[in-house]
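# Reading the structure
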Amino acid sequence: MSHTLGIRQAQKQKTRQALLDAALELLEQQSLSSLGLREVTRAVGVAPTAFYRHFDSTADLGVALVEQALGSLHAVVSELLTATWDSEERIVRTVELIAAHVRAHPAHVRFIARERHGGVRRVSDAIGAQLGQFAEEVCAALSLDPESAGWSHDDLLMLAGLYVDHMVATASAFLTTPPEDFARVAGVAERQLRLVSLGRRHWLDGA
């Protein structure tokens, strides 16, 4: 009996993932608010009623896509947290990691860029919550840096949010740029990080 249940559970998970993959592919050409569940089930080859065994609505499916898309991006954030803040090596490495992530997960980046301020409130809220969590993690790492001495938590969180926003914006820029122009986008992104670093070093001047 347990073996049979295990097979059914595995098949259910396989179908759920197939629905997510199909939706992500369809969303390359449209927004989530215009996506119909029949489009998704047709792409997978299951009956429309099967959709509701896995998701309550397309918004529910969208939230699951957020978890997948930002789950892959979280690996980039985690690696950056081990780097030395504000060093030239970290700045260059940051942009390299973002470019590599876009090459590996273009559909994820496109989905987040489009739906971050999209028309499905539950999904945009989920993206905002996840990015907020990233900012909290970056803030915690920044607080351990000796250069953060004297900074308030609110100011460190503001700085962390700038880093996270920069990461998302840079990923979006890479996504819409031909590969032959990646060097130009990378150069701009590195200069922006140097500007943030310069502002950070002088934030407490005269405080």
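Since we're looking at a predicted model, the values are computed, not measured. (Residues numbered from 1 in each chain as written. Predicted model: local features only at pLDDT ≥ 70, side-chain atom pairs only at ≥ 80, totals over all residues. Heavy atoms only, no water.)

Looking only at helices and strands, the chain has nine helices and zero strands in total. Ordered by position from the N terminus, the helices and strands of the chain form the series α-α-α-α-α-α-α-α-α. Its C-alpha atoms put the chain at 65 × 40 × 30 Å along the principal axes. Counting across all 207 residues of the chain, residues that qualify as buried make up 41%. Put simply, 69% of the contacts in the chain that link residues at least 6 apart link residues at least 24 apart. Of the roughly 11100 Å² that the chain leaves accessible, carbon and sulfur atoms contribute 55%. Of the side-chain charges in the chain, 20 are positive and 25 negative, and the distance between the mean point of each set is 9 Å. (Helix = DSSP H or I, 4+ residues; strand = E, 2+ residues; numbered from the N terminus. Buried < 20%, exposed > 50% of the residue type's maximum accessible area, 1.4 Å probe, protein only. Contact = heavy atoms within 4.5 Å. Areas by Shrake-Rupley, 256 points an atom, 1.4 Å probe, with all protein chains shown as cover. Lys, Arg positive; Asp, Glu negative; His and termini not counted. Charge placed at Lys NZ, Arg CZ, Asp CG, Glu CD.)

This next bit is on the side chain of histidine 101. Assignment of secondary structure puts histidine 101 in helix α5 (residues 88-104). Excluding its chain neighbours within four sequence positions, the residues that come into contact with histidine 101 are Ser72, Leu73, Val76 and Val109.

Under the definition given, this model contains four aromatic pairs. With centroids separated by 4.8 Å and ring planes inclined at 50°, the aromatic side chains of phenylalanine 174 and phenylalanine 182 adopt a geometry described as tilted. Members of the aromatic cluster, joined through ring pairs, are Phe51, Tyr52 and Phe55. Seen from the ring of tyrosine 163, arginine 90 lies directly overhead, with NZ or CZ sitting 4.9 Å from the centre. (Phe/Tyr/Trp six-rings, centres within 6.5 Å; stacked < 30°, edge-to-face > 60°. Lys NZ or Arg CZ within 6 Å of the ring centre and 35° of its normal.)

With that out of the way, let us pick up the pattern of salt bridges. Per the counting criterion, the structure on display carries eight salt bridges. A salt bridge links aspartate 60 to arginine 122; the nearest nitrogen and oxygen atoms lie 3.6 Å apart. One end of the pair, aspartate 60, is in helix α4 (residues 58-80); the other, arginine 122, is in helix α7 (residues 121-143), and 62 residues separate them in sequence. Relative accessible area serves as the criterion here: at 18%, aspartate 60 is assigned to the buried category. Across the pair aspartate 145 and arginine 200 runs a salt bridge, and its minimum N-O distance is 3.5 Å. With aspartate 145 in the loop between α7 and α8 (153-175) and arginine 200 in helix α9 (residues 182-201), the pair connects residues that are 55 residues apart, well separated along the chain. Taken as a pair, aspartate 145 and arginine 200 share a single burial class, namely buried. Several salt bridges share partner residues, and in doing so they unite Glu88, Glu190 and Arg194 into one network. (Salt bridge = Lys/Arg side-chain N within 4 Å of Asp/Glu carboxyl O.)

Another point: the nonpolar core. If you look at the biggest cluster of nonpolar residues, it comprises 59 residues, and the most contacted ones within it are Leu65, Leu70, Phe111, Val123, Phe134, Met167 and Phe174. Elements that contribute at least two residues to this core include exactly α1 (2-26), α2 (37-44), α4, α5, α6 (106-115), α7, α8 and α9. The dominant element in this core, judged by the number of residues it contributes, is α4, at twelve residues. Every residue in contact with leucine 65, bar those within four places of it in the chain, is listed here: Leu20, Ala23, Leu24, Leu27 and Phe111. (Core = buried A, V, L, I, M, F, W, Y, C linked by side-chain atoms within 4.5 Å.)

Structurally, arginine 53 can be placed in the loop between α3 (48-51) and α4. Spatially, the C-alpha atoms of arginine 53 and serine 72 are 25 Å apart, while their sequence positions differ by 19 residues.

Take a nonpolar patch on the surface next. A surface patch of nonpolar side chains, about 280 Å² in accessible area, is lined by Met158, Trp203 and Leu204. For leucine 204, the location among the structural elements is in the segment after α9. On the basis of relative accessible area, leucine 204 is assigned to the partly exposed category, the value being 32%. (Patch = residues over 30% accessible without salt bridge, like charges linked within 9 Å, V, L, I, M, F, W, Y side chains within 5 Å.)

The next subject is α9. The terminal C-alpha atoms of α9, which comprises 20 residues, lie 29 Å apart, in line with the 28 Å expected from a rise of 1.5 Å per residue. Those residues of α9 that fall on the buried side of the exposure criterion are Phe182, Val185, Ala186, Ala189, Glu190, Leu193, Ser197 and Arg200. The buried residues of α9 all sit within an arc of 135° when viewed along its axis, so they share a single face. Counted as exposed and oriented over 90 degrees from the buried face of α9: Arg184, Arg191 and Leu195. Here the buried face of α9 lies against α5, α7 and α8. (Expected span 1.5 Å × (residues − 1). Arc of directions from axis to C-beta.)

Quick look at the environment of methionine 167 now. With respect to the helices and strands, the residue methionine 167 is situated in helix α8. On a C-alpha basis, the gap between methionine 167 and leucine 97 in space is 9.7 Å, while along the polypeptide they are 70 residues apart. Residues contacting methionine 167, with those up to four places away along its chain left out, are Leu73, Val76, Val77, Ile98 and Phe134.

The values reported here are purely geometric and, on their own, carry no functional implication.
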